[in-house]
Amino acid sequence: MSGITSASFLARRAAQRERVRILYRRALRDTLNWAVHRHLFYPDADALRERFEANRKVEDIETIDRLIADGEASYNKWRHPDPYIVPWAPGGSKFNRNPVPPEGIEIVYDYGKEEAELV
Amino acid sequence: MASALRSAILRHIRVPATQVVSANGSRLTAVRLMSSHDDHITKDEVINRVLDVVKCFPKVDPSKVTPEVHFEKDLGLDSLDTVEIVMALEEEFKLEIPDKEAVRIESCEQAIEYVYNHPMSS
């Protein structure tokens, strides 16, 4: 019985660990989006890290869940409306700019001038 | 014909190899091309640039960094530092790594493998 509970406890802790890492990742990315210049980003990033470090020693699993939920709510509230997206990624400025034509489609380069060649 | 001409020219022309010294003193032999039309980056370049990024991280001792090093076990970083390193790598190689995959990158070896196999890394 205790084996099962400890296994489920560990699984839950691992899930929390991953949630925290993803939350920190997104929040850090968002901090960079909000910062107009890079030298403004560094203190903001340090402040963000401080907010995570403040709860580093929390052991109670329910408290951790609540803290993560609070953090995610706060992230969603302050999310940047127009984030930076790498150009080729979906939503980026170069996404699907020059897609490869589908199979079987041929580009006619002399479109409209076919007649002229016959004459 | 073209290849014969090329080799004939190359035999007579000597271009001095340029050496780039990066911020922390390690030497890169190749000049980095900024065009998006160049070929995919080589494994050596990936390794060099990944190691440079990791060495530049403030909490890392640069002498300990090798291509096989594990961020948490060998360099004594924690999981949030790993997140920061992965973000620095994304900026270095102009990538956007999905969250679930980024979380799985935990060592230099995995980072090099991921970046090298990514079609858009440059």
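Just so it is clear, the structure is predicted and the values come from calculations on it, not from any experiment. (Residues numbered from 1 in each chain as written. Chains lettered and ligands numbered in written order. Predicted model: local features only at pLDDT ≥ 70, side-chain atom pairs only at ≥ 80, totals over all residues. Heavy atoms only, no water.)

Turning next to the overall build of chain A. Of the regular secondary structure elements, chain A holds four helices and zero strands. In chain A, the succession of α and β elements from N to C terminus is α-α-α-α. Over its C-alpha trace chain A gives a radius of gyration of 25 Å, far above what one expects of a compact globule, namely 14 Å for 119 residues. Judged by the C-alpha coordinates and their principal axes, chain A covers about 90 × 45 × 20 Å. Sequence-distant contacts, at least 24 apart, represent 58% of the contacts inside chain A between residues at least 6 apart. Accessible area of chain A: about 9,300 Å², with a carbon and sulfur share of 58%. Between the centroid of the 19 positive side chains of chain A and the centroid of its 19 negative side chains there is a distance of 10 Å. (Helix = DSSP H or I, 4+ residues; strand = E, 2+ residues; numbered from the N terminus. Rg over C-alpha atoms; globule rule 2.2 N^0.38 Å. Contact = heavy atoms within 4.5 Å. Areas by Shrake-Rupley, 256 points an atom, 1.4 Å probe, with all protein chains shown as cover. Lys, Arg positive; Asp, Glu negative; His and termini not counted. Charge placed at Lys NZ, Arg CZ, Asp CG, Glu CD.)

Let us look at the UniProt feature "domain: Complex 1 LYR protein" (unreviewed entry) in chain A. Here the UniProt-annotated "domain: Complex 1 LYR protein" (unreviewed entry) positions come out as residues 19-72 of chain A. Overall, residues 19-72 of chain A shows 81% helix and 0% strand. The separation of its end C-alpha atoms is 9 Å. (UniProt positions renumbered as here; feature names shortened; annotations may be inferred.)

Using the residue numbers shown here, the UniProt feature "domain: Carrier" (unreviewed entry) corresponds to residues 44-119 of chain B. For the annotated span residues 44-119 of chain B, helix accounts for 57% and strand for 0% of the residues, and the straight-line distance between the end C-alpha atoms is 16 Å.

This part takes up the pattern of salt bridges. Across all of its chains, the model carries 23 salt bridges over all chains by this definition. Measuring nitrogen to oxygen at the nearest pair gives 2.7 Å for the salt bridge that ties R12 of chain A to D65 of chain A. Residue R12 of chain A is found in helix α1 (residues 2-34), and its partner D65 of chain A is found in helix α3 (residues 61-77); the two are separated by 53 residues along the sequence. Looking at D65 of chain A, the relative accessible area reads 21%, which means it is partly exposed. Between R17 of chain A and E72 of chain B there is a salt bridge, with its nearest N and O atoms 3.1 Å apart. Remark: E72 of chain B occurs in the loop between α2 (43-56) and α3 (79-92) and R17 of chain A occurs in helix α1; the pair is interchain, linking two chains. Taken together, the shared-partner salt bridges connect R49, E53 and R56 of chain A together with K59, D78, D81 and E84 of chain B into one network. (Salt bridge = Lys/Arg side-chain N within 4 Å of Asp/Glu carboxyl O. Buried < 20%, exposed > 50% of the residue type's maximum accessible area, 1.4 Å probe, protein only.)

A word on unusual backbone geometry. Where the residue is not glycine, phi is negative for most of them; where a peptide bond is considered, it is trans in most cases. The backbone phi angle of N96 of chain A is positive, close to 60°, even though this residue is not glycine. The exposed category is assigned to N96 of chain A, whose relative accessible area is 54%. With a phi angle near 50°, K94 of chain B is a residue other than glycine that sits in the positive phi range. The residue K94 of chain B is located in the loop between α3 and α4 (99-104) in this model.

Time to look at α2 of chain B. The end-to-end C-alpha separation of α2 of chain B is 20 Å, in line with the 20 Å expected for 14 residues at 1.5 Å each. Along α2 of chain B, the residues classified as buried are V46, R49, V50, L51, D52, V53 and V54 of chain B. (Expected span 1.5 Å × (residues − 1).)

Residues and elements named next belong to chain A. The final tally for this structure, using the stated rule, is two aromatic pairs over all chains. Ring centres of Y24 and F52 lie 4.9 Å apart, and the angle between their planes is 70°; on these two criteria the pair is classed as edge-to-face. Of this pair, Y24 sits in helix α1 while F52 sits in helix α2 (residues 38-53), and the two are 28 residues apart along the sequence. Residue Y24 is classed as buried on the basis of its relative accessible area, which comes to 0%. Ring centres of F41 and Y42 lie 5.7 Å apart, and the angle between their planes is 55°; on these two criteria the pair is classed as tilted. Judged by its relative accessible area of 46%, Y42 falls in the partly exposed class. (Phe/Tyr/Trp six-rings, centres within 6.5 Å; stacked < 30°, edge-to-face > 60°.)

We now examine α2 of chain A. All names here are of chain A. For α2, which comprises 16 residues, the first-to-last C-alpha distance of 22 Å matches the rise-based estimate of 22 Å (1.5 Å per residue) to within 8%. Listed as buried for α2 are F41, A45, L48, R49 and F52. Viewed along the axis of α2, the buried residues span an arc of 100°, placing them on a single side of the element. Of the residues in α2, the exposed ones pointing more than 90 degrees away from the buried face are H39, D46, E50 and R51. (Arc of directions from axis to C-beta.)

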